[in-house]
Amino acid sequence: MYRSSKKNRKVFLTGCPGLIKPVSVIKYSMWLIIIFLSSYCLLVNASSQPGHNVIAFMEQAHSYYEEGDYKNASEIYQKVSTIEPSNARAFHLLGKSYGRLAQESGWLKAIGFAKKTHTAFNQAANLAPNNLEILNDLIQFHSTAPGFLGGDKKKARQLQKKLFSIQQRNKIPKDDK
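Quick look at the structure, then. Starting from 1, residues in each chain are numbered consecutively following that chain's sequence as written. With pLDDT at 70 or above as the cut-off, local features in this predicted model cover only qualifying residues; side-chain atom pairs require 80 or more to be listed or tallied, and sums for whole chains, interfaces and linings still use all residues. Computation of side-chain values: all heavy atoms of the structure, hydrogens and water removed.

### Some details on the overall build of the chain
Applied cut-off: A helix here means a DSSP run of H or I that spans at least four residues, while a strand means a run of E at least two residues long, and both kinds are numbered starting from the N terminus. Summary of the burial criterion: residues with accessible area below 20% of their type's maximum are buried, those above 50% are exposed, and those between are partly exposed, where the area comes from a 1.4 Å probe applied to protein chains only. For this analysis, residues touch if any pair of their heavy atoms sits within 4.5 Å.
Summing up its helical and strand segments, the chain has seven helices and three strands in all. Going residue by residue from the N terminus, the α and β elements of the chain occur as β-β-β-α-α-α-α-α-α-α. Counting only residues that meet the buried cut, the chain has 32% of its 177 residues in that class. Sequence-distant contacts, at least 24 apart, represent 39% of the contacts inside the chain between residues at least 6 apart.

Quick look at the structure:
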C-alpha cells in the first residue's frame with residue numbers, strides 16, 4: 001500500500017503496521033519494475049530448465065545407478081524428492097543409492113549413509129505402504145543393519161507379516177528369500 005503526498009512528491013509505504021517510510025515516486029516505481037522483472041526471469045528460467053522435468057531426472061538417475069555412480073544417482077533422486085515430495089519411487093531409489101554408497105564407503109561415512117538409507121526407505125514406505133519392493137528393502141534393512149543405525153529385528157518381523165498379508169490378499173506367491 002502506498003499514498004502519495006502532492007507537496008513533496010513522496011510515496012509513503014504503509015504495507016506493514018508501524019512502517020511508514022517516505023520514498024520518491026520514481027524510486028518506488030523502479031523498485032516495482034525490478035521486482036516484477038526479477039520474478040519473471042526466475043519463472044522463465046525455472047520452467048525452461050530440464051531440471052524440473054521429473055521423468056527426465058528419474059531416467060538420468062536410473063542411468064547413473066545402473067552404471068554404479070551412486071553418488072550422482074543419489075543427488076538426482078534427492079532433487080526429485082524435493083521437487084515432488086509425494087514420489088515414493090524417488091525416495092525408495094534414493095534409499096537404495098544411499099545403501100550402495102554405505103556398502104562402498106569406509107565405516108565412518110557408511111554410518112551416515114545407512115541412516116539416510118533408513119530415512120529414505122521409511123519415507124517411501126509411508127508414501128506407498130503396500131508396495132512390495134519397498135517393504136522387501138525395508139525388511140532387509142531392518143534385518144541386517146545394527147540397532148544404532150536403525151535396524152530392528154522386531155520391526156523386520158512385523159513388516160514381514162504385513163508383506164505376507166499383502167501377498168495373500170493379492171494372491172502373489174511368497175518369496176522364499
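Picking up where we left off.
### Remarks on the nonpolar core
Definition in use: The criterion is simple. A nonpolar core is a set of buried Ala, Val, Leu, Ile, Met, Phe, Trp, Tyr and Cys residues joined through side-chain atoms within 4.5 Å.
Ranked by size, the top nonpolar core spans 19 residues in total, and within it Met58, Tyr77 and Val80 carry the most contacts. Within the residue set of this core, elements represented by two or more residues are α2 (54–67), α3 (70–83), α4 (88–104) and α5 (107–127). With six residues, α4 is the largest single contributor of residues to this core. Excluding residues within four positions of it along the chain, tyrosine 77 makes contact with Met58, Ala61, His62, Ala90, Leu93, Leu94 and Ser97.

### Some remarks on a positive patch on the surface
Rules: Two distance rules govern patches: like charges are joined within 9 Å, and nonpolar side chains (Val, Leu, Ile, Met, Phe, Trp, Tyr) within 5 Å, applied only to residues with over 30% relative accessible area and no salt bridge. For every accessible area listed, the method is Shrake-Rupley and the probe measures 1.4 Å; residues are considered covered only by the protein chains on display. Throughout this description, the term salt bridge denotes a Lys or Arg side-chain nitrogen within 4 Å of a carboxyl oxygen of Asp or Glu. For the charge count, each Lys or Arg is scored as positive and each Asp or Glu as negative, with His and the chain ends excluded. To locate a charge, take NZ of a lysine, CZ of an arginine, CG of an aspartate or CD of a glutamate.
Residues Lys153, Lys154, Arg157 and Lys161 make up a contiguous surface patch of positive charge. Inspection of the secondary structure assignment puts arginine 157 in helix α7 (residues 153–169). Take arginine 157: its relative accessible area is 52%, and that puts it in the exposed class.

### Quick notes on α3
Here is the rule: A helix is expected to span 1.5 Å for every residue after the first. Arc definition: it is the arc formed by the directions from the helix axis to the C-beta atoms.
An ideal rise of 1.5 Å per residue puts 20 Å on 14 residues; α3 measures up with 20 Å between its terminal C-alpha atoms. All of the buried residues along α3 are Tyr70, Ala73, Ser74, Ile76, Tyr77, Val80 and Ser81. On an axial view of α3, the arc spanned by its buried residues comes to 165°, and they lie on one face.

### A short note on the packing of helix α6 (residues 132–144) against α7
Formally: Angles here are taken between N-to-C directions and fall from 0 to 180 degrees, while the axes themselves are lines fitted to C-alpha atoms, restricted in helices to the stretch in contact. We call two directions roughly parallel when the angle between them is under 35 degrees, roughly antiparallel when it is over 145, roughly perpendicular when it lies between 65 and 115, and oblique otherwise. In this scheme the handedness of a crossing depends on how the near helix is turned from the far one: anticlockwise by less than a right angle means left-handed, clockwise means right-handed. Classes in brief: Ala, Val, Leu, Ile, Met, Phe, Trp, Tyr, Cys and Pro nonpolar; Asp, Glu, Lys and Arg charged; the others, Gly included, polar.
For the pair α6 and α7, interaxial distance at closest approach is 8 Å and the crossing angle is 155°. Considering the angle they form, α6 stands roughly antiparallel to α7. Viewed along their axes, α6 and α7 form a crossing whose handedness is left-handed. Between α6, through Leu132, Leu135, Asn136, Leu138, Ile139, His142, Ser143 and Thr144, and α7, the contact on the second element is made entirely by Lys153, Lys155, Ala156, Leu159, Gln160, Lys162, Leu163, Ile166 and Gln167. Class assignment of the residues belonging to the contact of α6 with α7 gives a composition of eight nonpolar, six polar and three charged.

### Side note on the packing of aromatic side chains
For clarity, the cut-off: Two aromatic rings, drawn from Phe, Tyr or Trp (for Trp, its six-membered ring), form a pair once their centres lie within 6.5 Å of each other, and the interplanar angle then sorts them: stacked below 30 degrees, edge-to-face above 60, tilted otherwise.
Summed over all chains, the structure comprises two aromatic pairs. Ring geometry for tyrosine 65 and tyrosine 70: centres 5.1 Å apart, planes at 70°, overall edge-to-face. Its relative accessible area of 13% is what places tyrosine 65 among the buried residues. Classification of tyrosine 70 as buried rests on a relative accessible area of 12%.

### Let's talk about the pattern of salt bridges
Using the criterion set out here, one finds two salt bridges in the structure. A salt bridge links glutamate 75 to lysine 71, with the nearest nitrogen and oxygen atoms 2.6 Å apart. Of the two residues, glutamate 75 and lysine 71 both sit in helix α3, four residues apart, roughly one turn of that helix. The partner of aspartate 137 in a salt bridge is lysine 96, and the shortest N-O contact between them spans 3.5 Å. Pair noted here: aspartate 137 is in helix α6 and lysine 96 is in helix α4, with a separation of 41 residues, a long-range link.

Nothing here speaks to function; it is geometry throughout.
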